[in-house]
Amino acid sequence: MSAQRDGDSSRKGSSAQAASMPNSPKLTVSRPPSPGFSMDPGSPMGLGDCDPNIMDSFKPIETNMSYDVPMDKPYIVNPPPQDRPVRLYCDGIYDLVHYGHMRALEQAKKSFPNVYLLVGMCNDEDTHTRKGKTVLTENERYESMRHCRWVDEIITDAPWIVTQEFMDEHEASSDAFAACTCRQSHIADHTTNMLRRIDYVCHDDLPYASAESDDVYAFVKAQGRFLPTQRTDGVSTSDLITRIVRDYDKYLRRNLERGMSPKELNISFLKEQELNLQKHVSGIREQIKKNFQGTREDLVGELEDLKAELRHTKLFWEDRRQDFVRGFSSMFGSQVGKIFGRKRREIANGSGDYGSSKRVRQAESSGSLNSGSE
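Residues numbered from 1 in each chain as written. Predicted model: local features only at pLDDT ≥ 70, side-chain atom pairs only at ≥ 80, totals over all residues. Heavy atoms only, no water.

(A) Representation of the sheet that holds strand β5 (residues 226-228) within the structure. Here five strands make up an open sheet; going across it, the order is β3-β2-β1-β4-β5 and the pairing parallel. Every interior strand has two partners, whereas the edge strands, β3 (153-155) and β5, have only one. When strand polarity is set aside, the average angle formed by the axes of neighbouring strands in this sheet is 30°. Across seven bridges, the pairing between strand β1 (residues 86-92) and strand β2 (residues 115-121) is parallel. Residue pairing for β2: C90 is matched across the bridge by V119. Sitting on the sheet, helix α3 (residues 99-109) touches β1, β2 and β4 (200-203), and the angle it makes with β2 is about 145°. With respect to the sheet, helix α5 (residues 138-146) is in contact with β2 and β3, its orientation differing from that of β2 by roughly 165°. (Pairing = 2+ DSSP bridges. Helix = DSSP H or I, 4+ residues; strand = E, 2+ residues; numbered from the N terminus. Axes fitted to C-alpha atoms, helices over the stretch in contact; angles between N-to-C directions. Contact = heavy atoms within 4.5 Å.)

(B) The arrangement of the pairing of β4 in detail. Residues Y200 and C202 point to one face of β4 and V201 and H203 to the other, with burial holding for every one of them. Here β4 runs beside β5; their pairing, made up of three bridges, is parallel. Directly across from C202, in β5, lies its bridge partner L227. (Buried < 20%, exposed > 50% of the residue type's maximum accessible area, 1.4 Å probe, protein only.)

(C) Summary view of the side chain of R87. With respect to the secondary-structure elements, R87 resides in strand β1. Buried charge R87 goes without a salt bridge, the closest partner of opposite sign being E153 at 4.2 Å. (Lys, Arg positive; Asp, Glu negative; His and termini not counted. Salt bridge = Lys/Arg side-chain N within 4 Å of Asp/Glu carboxyl O.)

(D) Seen up close, the environment of R103. With respect to the helices and strands, the residue R103 is situated in helix α3. Residue classification places R103 among the buried residues on the basis of a relative accessible area of 12%. Taking the C-alpha atoms as reference, R103 lies 9.4 Å from T229; in sequence the two are 126 residues apart.

(E) Representation of the side chain of K110. Here K110 lies in the loop between α3 and β2. You can call K110 buried: its relative accessible area is 10%. Side-chain polar atoms of K110 contact the backbone oxygen of I61, separated by 2.9 Å. (Polar contact = N/O pair within 3.5 Å; in protein donor to acceptor, adjacent residues only side chain to side chain.)

(F) Geometry of unusual backbone geometry. Of note in the backbone geometry, L96 takes a positive phi value of approximately 50° without being a glycine. Located in the positive-phi region is N266, a residue other than glycine, with phi close to 60°. The residue N266 is located in the loop between α12 (262-265) and α13 (269-349) in this model.

(G) Quick look at the packing of aromatic side chains. Under the defined criterion, the tally for this structure stands at five aromatic pairs. Taken together, a centroid distance of 6.1 Å and an interplanar angle of 15° make the contact between Y67 and F112 stacked. One end of the pair, Y67, is in the loop between α2 (52-56) and β1; the other, F112, is in the loop between α3 and β2, with 45 residues separating them in the sequence. Classification of F112 as buried rests on a relative accessible area of 1%. (Phe/Tyr/Trp six-rings, centres within 6.5 Å; stacked < 30°, edge-to-face > 60°.)

(H) Structural context of a nonpolar patch on the surface. The grouping of V135, I241 and V245 at the surface amounts to a nonpolar patch, some 250 Å² of accessible area in total. Tracing the sequence through the fold places V135 in the loop between α4 (124-130) and α5. (Patch = residues over 30% accessible without salt bridge, like charges linked within 9 Å, V, L, I, M, F, W, Y side chains within 5 Å. Areas by Shrake-Rupley, 256 points an atom, 1.4 Å probe, with all protein chains shown as cover.)

(I) Quick look at α5. Inspection of α5 places R141, Y142 and M145 among the buried residues, and these make up the whole buried set. Here the buried residues of α5 occupy an arc of 100° about the axis, which is enough to place them on one side. Tucked inside the fold, the buried residues of α5 contact α3, β2, α4 and β3. (Arc of directions from axis to C-beta.)

(J) Spotlight on the nonpolar core. Counting residues in each nonpolar core, the largest one holds 38 residues, and the members touching the most others are L88, Y89, L105 and M145. For this core, the secondary-structure elements that each account for two or more residues are β1, α3, β2, α5, β3, α6 (164-169), β4 and β5. Here L88 is in contact with A108, S111, F112, V115, Y116, L117, L118, Y200, C202 and L227, once residues within four sequence places are set aside. The next biggest cluster of nonpolar side chains, apart from the first, holds five residues, and it includes L252, L256, L265 and L275. (Core = buried A, V, L, I, M, F, W, Y, C linked by side-chain atoms within 4.5 Å.)

Keep in mind that these numbers describe shape and distance, not what the molecule does.
In structure tokens, the structure reads:
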């Protein structure tokens, strides 16, 4: 119990000290080290109810228990301080916060054994001017980030691009603090400044261009104060908005069914009727799908009966065909033979009705010609 009280008192002290920092709005307080990753449904990653194939693509991020920094980068990364929490800074808009944001922040939080993570969030004015309209307002975005377990402090109205001036505001010299022999109040001011230092700016290390620079983090990299994180592919706020726009009618129908009015959804009367028709068609399709199994079985049964009947009919006629041929031959064979025999003889001799009539027509034609010449 004493250990717990000591921990509580230390956290209260940290919170009080953080609240006294000027120009740094404290929307959260320092937290103890995060517990280990668990796969239960209430785990921080929320993966407990996912299938194993999905969980394999979201493997937990282990905390780096050393103070080693990346050595394989084209820029130098300074060694971190080990006598105090390493202060890392992540910046962004964080609209419609998703697991890609959370994993980036988790990587930063677990970069070293003892990390104090600051998150800078841009206001609506800068965001709407430079990137476009957001779904959430700035206060909604701040409040959403406040509930992230990896974040220790939120800096509101953060600059759109990390600047040297911003870094200088969070800079202090530990040598100056050690050499200070001023009064206690001045020492407290130096302590505050040292605690406000940003050791590293965290982001994935792809170059991010802007109107001001080809890589907005170039100067931070040059100072050895850039710590890279790994970007999570396959998810972004733009992707989420695209999903909503792609299924726009489905979400409209859902909200209408939940009681929202067309006016609240900013749709016309014709659009409402179109959505009602789509709902009716969807209902018919669902009904067909539900009854498809029984209907299919009935059709299969009828087809099998038809096939059996056709097979029976085929066998019947195959058995009777010889009898029919023999009966036909016995009844009409001699007459048919006489008829075809006479025709063959007429054709062979050039005689017959056809030949006689042809000769008669030729004779009449020649007679008319002779009379005309006389």
